[in-house]
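# Understanding the architecture of this molecule
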Amino acid sequence: MPIATPEVYNEMLDRAKAGKFAYPAINVTSSQTLHAALRGFAEAESDGIVQISTGGAEFLGGQYSKDMVTGAVALAEYAHIVAEKYPVNIALHTDHCPKDKLDGYVRPLIAISEERVKGGRNPLFQSHMWDGSAETLADNLAIAQELLVRTAAARIIFEVEITPTGGEEDGVTHEINDKLYTTVDDAIRTAEALGLGDKGRYLLAASFGNVHGVYKPGNVVLRPDLLKELNEGVAAKFGRPAGSQPFDFVFHGGSGSTEEEIRTALENGVVKMNIDTDTQYAFTRPVADHMFKNYDGVLKVDGEVGSKKTYDPRTWGKVAEASMAKRVLEACGNLRSTGTKIK
């Protein structure tokens, strides 16, 4: 199937919300990790989301120029071609973009999609994220309003992070403290500024103790039940029926979460969960194993010639792809998206 159209992406999210499941959003940094993600989704018979962070885009742009827009566009165009060979729908998304990188990343990418839509085509990316969690909420939402107008016009879904996720992501660091919990007032101010779908669809990355990376048990306290409080508070404020879920939530910092934490998040409106740390490790682990077991083949030890079959990147690249695909398959199971693809 091709990359999801705006209509299909909206249907994907609606189905997730109604069915109490979420799509894994897998960060990719190469054509090979892209194929690993696509393979995992296909094997799970799950539609899914593939995303590129600013650091991933810079890496994709090549170390000579490190141009984020070039890297993101190149992989997106590649994805539009190769995704047709996989029997699932895939949405392309750009991950965390802080204020100082908006002009060098998200705004130019939105402009590309604006031109595509004017020409009768679909947007290049199906959603973009603005991460203003390092700004004041007022400044964060002011920029979000500007971007939402543009994304809505370009048939793109917007994602906004209103309060910090702990840990480090592409050089943006937040302390692990009590600021990692979004309040009902934060949620109400967001709805007042961005609407509840009437100004354009957006996904909300609210904080409930989320932390990027992997931490030992006890260092991070997740409260996915907080999402229910946010929905209830906003529903009451805006006259929505009791039990309704006004927000489409995103679960950031999901690597290493327990099944119970994930289940509670799904019940409370999470439709997208970012996964990067775990898939990075899944990709790299078999490569390390291959290198250790075949050191005298991948290295020219003591004047020998080594073994081309062992240092050929295709040899260890295939096992890396298979391992990462397996982790994506596992994520689909954890998020209940297995077998839910749109026929």
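Owing to the predicted nature of the structure, the values given are computational and were not obtained by experimental measurement. (Residues numbered from 1 in each chain as written. Predicted model: local features only at pLDDT ≥ 70, side-chain atom pairs only at ≥ 80, totals over all residues. Heavy atoms only, no water.)

### Some details on the packing of aromatic side chains
For the structure shown, the criterion picks out 4 aromatic pairs. On the numbers, 4.9 Å between centres and 65° between planes, the contact of Phe208 with Phe251 is edge-to-face. Residue Phe208 is located in the loop between strand 8 (202-205) and helix 8 (226-237), and its partner Phe251 is located in strand 9 (residues 249-251); the two are separated by 43 residues in the primary sequence. Neither Phe208 nor Phe251 differs from the other in exposure class; each is buried. A ring pair is formed by Phe247 and Phe249, whose centres lie 5.6 Å apart and whose planes are at 50°; its orientation type is tilted. A relative accessible area of 1% places Phe247 in the buried class. Judged by relative accessible area, which is 0%, Phe249 ranks as buried. Cluster of aromatic residues (ring-pair linked, three or more members): Tyr202, Phe247 and Phe249. (Phe/Tyr/Trp six-rings, centres within 6.5 Å; stacked < 30°, edge-to-face > 60°. Helix = DSSP H or I, 4+ residues; strand = E, 2+ residues; numbered from the N terminus. Buried < 20%, exposed > 50% of the residue type's maximum accessible area, 1.4 Å probe, protein only.)

### Section: the packing of helix 5 (residues 106-118) against helix 6 (residues 137-153)
Axis separation between helix 5 and helix 6 bottoms out at 9 Å; the angle between their running directions is 25°. By the angle between their directions, the pair helix 5 and helix 6 is classed as roughly parallel. Crossing handedness for the pair helix 5 and helix 6: left-handed. Where helix 5 approaches helix 6, its residues Arg107, Ile110, Ala111, Glu114 and Val117 are matched on the opposing element by Ile143, Glu146, Leu147, Arg150, Thr151 and Ala153. In the contact of helix 5 with helix 6, the residues fall into 6 nonpolar, 1 polar and 4 charged. (Axes fitted to C-alpha atoms, helices over the stretch in contact; angles between N-to-C directions. Parallel < 35°, antiparallel > 145°, perpendicular 65-115°, else oblique. Left-handed = near helix turned anticlockwise from the far one by under 90°. Contact = heavy atoms within 4.5 Å. Nonpolar A, V, L, I, M, F, W, Y, C, P; charged D, E, K, R; others polar.)

From the geometry alone we can't say anything about function, so treat these as descriptive.
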